[in-house]
Amino acid sequence: MIDLRSDTVTRPSDAMRTAMAQAEVGDDVWGDDPTVSHLEAKAAELLGKEAGLYVPSGTQSNLSAILAHCQRGDEYIVGDNAHTYKYEAGGAAVLGSVQPQPVQMLESGELDLEHAAKVIKPDDSHFARSRLLCIENTHDGKVLPLDFHDRARSLADEHDLGLHLDGARLWNAAVALQAAPSEVAAPFDTVSVCLSKGLGAPVGSVLVGRQDLVDDARRWRKMLGGGMRQAGVIAAAGIYALDNNIDRMADDHARAARLAEGLGAIDGVSVTGRSTNMVFADLGPNAETMAEQAAKSDILIALSGTTTRLVTHLDLTDDGIAQVIDLANRTLPVTN
Ligand SMILES: *Cc1c(COP(=O)(O)O)cnc(C)c1O
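Cut-off values and rules
Residues numbered from 1 in each chain as written. Predicted model: local features only at pLDDT ≥ 70, side-chain atom pairs only at ≥ 80, totals over all residues. Heavy atoms only, no water. Near = heavy atom within 4 Å. Polar contact = N/O pair within 3.5 Å; in protein donor to acceptor, adjacent residues only side chain to side chain. Areas by Shrake-Rupley, 256 points an atom, 1.4 Å probe, with all protein chains shown as cover. 1 Å grid on protein atoms, 1.4 Å probe; cavity = no way out; pocket = protein on both sides within 12 Å on 5 of 7 lines; lining within 4 Å. Points joined across faces, edges and corners; volume = space filled by probe spheres on them. Helix = DSSP H or I, 4+ residues; strand = E, 2+ residues; numbered from the N terminus. Nonpolar A, V, L, I, M, F, W, Y, C, P; charged D, E, K, R; others polar. Domains from an automatic or database assignment. Pairing = 2+ DSSP bridges. Expected span 1.5 Å × (residues − 1). Buried < 20%, exposed > 50% of the residue type's maximum accessible area, 1.4 Å probe, protein only. Contact = heavy atoms within 4.5 Å. Salt bridge = Lys/Arg side-chain N within 4 Å of Asp/Glu carboxyl O. Core = buried A, V, L, I, M, F, W, Y, C linked by side-chain atoms within 4.5 Å.

Structural notes on the site of the ligand
Taken together, S57, G58, T59, N62, H83, E88, E136, D166, A168, R169, C194 and K197 make up the full set of residues adjacent to the ligand. Between the ligand and T59, the relevant distance is 2.6 Å, taken from an oxygen atom to a side-chain nitrogen or oxygen of the residue. Residue R169 places a side-chain N or O atom 3.1 Å away from an oxygen atom belonging to the ligand. Calculation on the ligand without its partners gives an accessible area of 380 Å², and the protein chains cover 81% of this total.

Observations regarding the layout of surface pockets
Taken as a whole, the largest pocket spans an internal volume of roughly 790 Å³. Lining the largest pocket we find 36 residues, and of these N81, Y87, E136, H139 and D140 sit closest to its centre. Looking at the lining of the largest pocket, the elements with two or more residues in it are α3 (58–69), α4 (83–86), β7 (190–194), β9 (270–275) and β10 (278–282). Looking at side-chain class alone, the lining of the largest pocket contains eight nonpolar, 16 polar and 12 charged residues. Residues lining the lining of the largest pocket come from more than one domain, with at least three contributed by each of domain 1 (14–244) and domain 2 (248–331). There is about 190 Å³ of room inside the second largest pocket. If you trace the second largest pocket, you find 13 residues lining it, with K121, P122, D123, R129 and S130 closest to the centre. When the residues that make up the lining of the second largest pocket are grouped by side-chain class, the tally is four nonpolar, three polar and six charged.

A few points about the sheet that holds β10
Read from one edge of the open sheet, four strands run β9-β10-β13-β12, paired in antiparallel fashion. Each of the sheet's edge strands pairs with one partner strand only, and the pair in question is β9 and β12 (303–304). The pairing of β10 with strand β13 (residues 307–311) spans five bridges and is antiparallel. From the neighbouring strand, D282 faces β13, where its bridge partner is T307.

Structural notes on helix α12 (residues 249–264)
Helix length check: α12 (16 residues) gives 22 Å between terminal C-alpha atoms against 22 Å at 1.5 Å per residue, within 8%. Looking only at α12, the buried set comprises M249, D252, H253, R255, A256, L259, A260, G262 and L263. In the core, the buried residues of α12 are packed alongside α8 (170–177), β9, β10, β13 and α14 (318–331).

Side note on the environment of R153
Along the chain, R153 falls in helix α7 (residues 146–158). Non-local contacts of R153, meaning those with residues more than four positions away in its chain, are made with L161, L163, P187, F188 and D189. A polar contact is formed between the side chain of R153 and the side chain of D189, at a distance of 3.3 Å.

Here we look at the pattern of salt bridges
Taken as a whole, this structure holds 19 salt bridges when the rule is applied. Between D157 and R153 there is a salt bridge, and its shortest N-O distance comes to 3.1 Å. Taken together, the residues span about one helical turn, with D157 and R153 both in helix α7 at a distance of four residues. If you follow the salt bridges from partner to partner, you end up with R153, D157, D189, R210 and D212 in one network.

Quick word on the nonpolar core
In terms of nonpolar packing, the biggest core is built from 48 residues, with Y54, L133, I135, L170 and W171 touching the most fellow members. In this structure I135 touches L144, F148, H149, A152, L163, H164, L165, D166 and F188, once residues within four positions along its chain are discounted.

Details of the domain arrangement of the protein chain
Examined at the domain level, the protein chain breaks down into domain 1 (14–244) and domain 2 (248–331). The distance between the C-alpha centroids of domain 1 and domain 2 comes to 30 Å. Facing 14 residues of domain 1, the contacting portion of domain 2 comprises 10 residues. The interface formed by domain 1 and domain 2 holds zero salt bridges in total. For the interface between domain 1 and domain 2, the tally reads four residue pairs in polar contact (both at pLDDT 80 or more). It is α8 that provides the largest number of residues to the side of domain 1 that touches domain 2, a total of four residues.

Printed below as a string of structure tokens:
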């Protein structure tokens, strides 16, 4: 199966499953699971932070962080296309009484910091209290440069805001920037990273950051139903992923580049974006034909009209990418 719909579709490898089978476990709600504790410490160390918290999903990780930074009646400033605004079911507002203040995002994936500066509210009883600035890297596969992180930190400091990074795909950013994950994470008070996307673990995210914030987030995680018991079985997959699957993401990026190049050469197809492990394309009038033929060849792509987002990951091979380009060449060209 060549599944290009997302990098969340990966299956744990045999070696990862062996690590899971051999995991030492305990009751993590009691703080007794050595494998979970090991994963939390390892992620915190890799990202240069004081503490870590293992959570079932990126959504719960971001929400726990927002609730740790903000009280009822506070607000967080967030990109209008950011996951923490648009794709998390309004959790901060629904469950935390924390108001989102969306801010325009630029083509680059950066949140417009000038716009953000204008919507930060003064201390006045009319307004929600601006408390937190949220950044996302990578966004739609796009890598935000480290100097953007520094500028976001300066703005946050100027207004006494906390700074959170939704780094679901921080690993892709670090590999693309040839920077240490700790360098990417450095300016932030809290950082959420996914283990279940390009790293190939079946489940889980880690929230890392300042000890007091992570302690608070641990309480919120329990309230949100994320306190898990013998979770070492799944945490072991995360440890395996951090040890083995970060550097190899360079292959995913190279394969996305090859895919973009192959598709871009076809008449009628336009590649509208490509960075790290994602390719965005308009496949043109024959998109539906390709999707139908793809399904017959065990190739999965997600179409929205004639456009698609293709995502590379560790369950793909060079041969698989070549098969997709070959299928595209057979089905997509527009002939007059
Ligand atoms: C996937 C994703 C999340 C949330 O992760 P889930 O584990 O699916 O809840 C958060 N932020 C970004 C940018 C993501 O891509």
